[in-house]
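Working through the structure, step by step
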Amino acid sequence: METRKLVALGVALVVSGAGVLAGQDAGGCEPVGEIQFICDLIGPEDLAIVPGDEWVVVSGNQEGGRIHLINVADKTTSVLFPTADRVERLDAATYPSCPGPLEAAELDQDEFRAHGLYLKPGEGDVHTLYVVHHGRRESIEVFELDAGAMPMTLAWVGCAVVPEGLRLNSVVALPEGGFSATSTSTGDVWEWSTADGWAVIPGTDDTTPNGLEISPDGRWLFVAGWRGEKLTRLSRGGPPRQKDVVPIPFRPDNLRYVDDGALILAAGHGNFGTPEETSNVAVIDPETLEVRHIFTHPRMEGFASSTAAIRIGGEIWLGTNRGGMVAYFPAPE
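The following paragraphs examine the structure supplied in this document. (Residues numbered from 1 in each chain as written. Predicted model: local features only at pLDDT ≥ 70, side-chain atom pairs only at ≥ 80, totals over all residues. Heavy atoms only, no water.)

Attention now goes to the layout of surface pockets. The volume enclosed by the largest pocket comes to roughly 840 Å³. Lining the largest pocket we find 29 residues, and of these Ile-49, Tyr-118, Leu-119, Pro-121 and Tyr-257 sit closest to its centre. Contributing elements (two or more residues each) for the lining of the largest pocket: β2 (47-49), β7 (113-120), β15 (209-214), β19 (251-258) and β23 (308-312). The element that contributes the greatest number of residues to the lining of the largest pocket is β7, accounting for 4 residues. Residue composition of the lining of the largest pocket, by class: 17 nonpolar, 5 polar and 7 charged. (1 Å grid on protein atoms, 1.4 Å probe; cavity = no way out; pocket = protein on both sides within 12 Å on 5 of 7 lines; lining within 4 Å. Points joined across faces, edges and corners; volume = space filled by probe spheres on them. Helix = DSSP H or I, 4+ residues; strand = E, 2+ residues; numbered from the N terminus. Nonpolar A, V, L, I, M, F, W, Y, C, P; charged D, E, K, R; others polar.)

Counted by the stated rule, this structure contains 2 disulfides. There is a disulfide in this structure between Cys-29 and Cys-39, and the S-S distance comes to 1.8 Å. Across the disulfide from Cys-29 to Cys-39, rotation about the S-S bond amounts to roughly 100°, and the bridge is consequently right-handed. Here the residue Cys-29 occupies a position in the loop between α1 (3-18) and β1 (36-38), and Cys-39 occupies one in the loop between β1 and β2, the gap between them amounting to 10 residues. According to the relative accessible area criterion, Cys-39 is buried, its value standing at 17%. Each disulfide pairs two cysteine sulfurs, and for Cys-98 the partner residue is Cys-159, the sulfurs being separated by 2.1 Å. The disulfide joining Cys-98 to Cys-159 has a torsion of about 110° about its S-S bond and is therefore right-handed. Placement of the pair is Cys-98 in the loop between β6 (87-88) and α2 (104-108) and Cys-159 in strand β10 (residues 153-161), with a sequence separation of 61 residues. (Disulfide = S-S within 2.5 Å. Buried < 20%, exposed > 50% of the residue type's maximum accessible area, 1.4 Å probe, protein only.)

Moving on, we get to the sheet that holds β10. Pairing within the open sheet is mixed, and its 5 strands lie in the order β6-β10-β9-β8-β7. The open sheet has two edge strands, β6 and β7, and neither has a second partner. As judged from the 6 bridges shared by β7 and strand β8 (residues 126-134), these two strands associate in the antiparallel manner. Paired with Leu-117 across the strands is Val-131, a residue of β8. (Pairing = 2+ DSSP bridges.)

Honestly, it's all geometry; don't read function into it.
Printed below as a string of structure tokens:
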């Protein structure tokens, strides 16, 4: 990616946010400057774009959490999971250790928590959705998303329950099958495969991990170091593993590719846990690891601070773990 495009994106986004840095609060669901909101969600910590750019899947990481679907054009929302007519069909060949679907009592009693998301495009209209789940079991729950169905459907197909002591945050699918996930409780990154189950990835114990992204060719992992205010790029395979670290000017949370893998958007927190807390976005060149801090905004009512950033349909969308809204505003040309 040419540096001038990276710089141009940053300048455009700073201008977009410049008129709303006075610390106004959003009254319910009212806009704040150029920032508008999609409301009535539950802890929308992470966002995943459905191929075709017409829909966004949204996690729910608070009590009563749900996996929601948002229509990009009209900003309407619907619940994908759990629903009364949910479909459950275990793929035992791929997930042989999975004990079965989530308990109905857990889903009915609002104990379901959907944290990090990763959508792996499939052939045609059927894609695979990986969800970091907190509840009666700590696990990666796996679903098939049928984007060709009207309405769109989400069928549960498997899971991988984590080893005792792990508390997961983010997940990415691996091109060879299986997935990687960050563990904030143990401070490292793990991989899971059908054949071998869970194993820690060497060299990740100092990454202070939160968000996670994988290069389109599967050669690199990018780890958002929330406590360390840094980004770690780690090669897959080896030894030896190549490892590069760059500082981020806030606590980075989720990471998302844009421009077909040409850039990474990192969302996160400034002055975390204080009245001066801010939402932030940085754009990162995955090849040079050049970082530009392109957006910041004070805490808003109903939207504590940003945890995820995507670009879709001419807009930048932001998720939050502490609130009930997704924020969006015009993206640069």
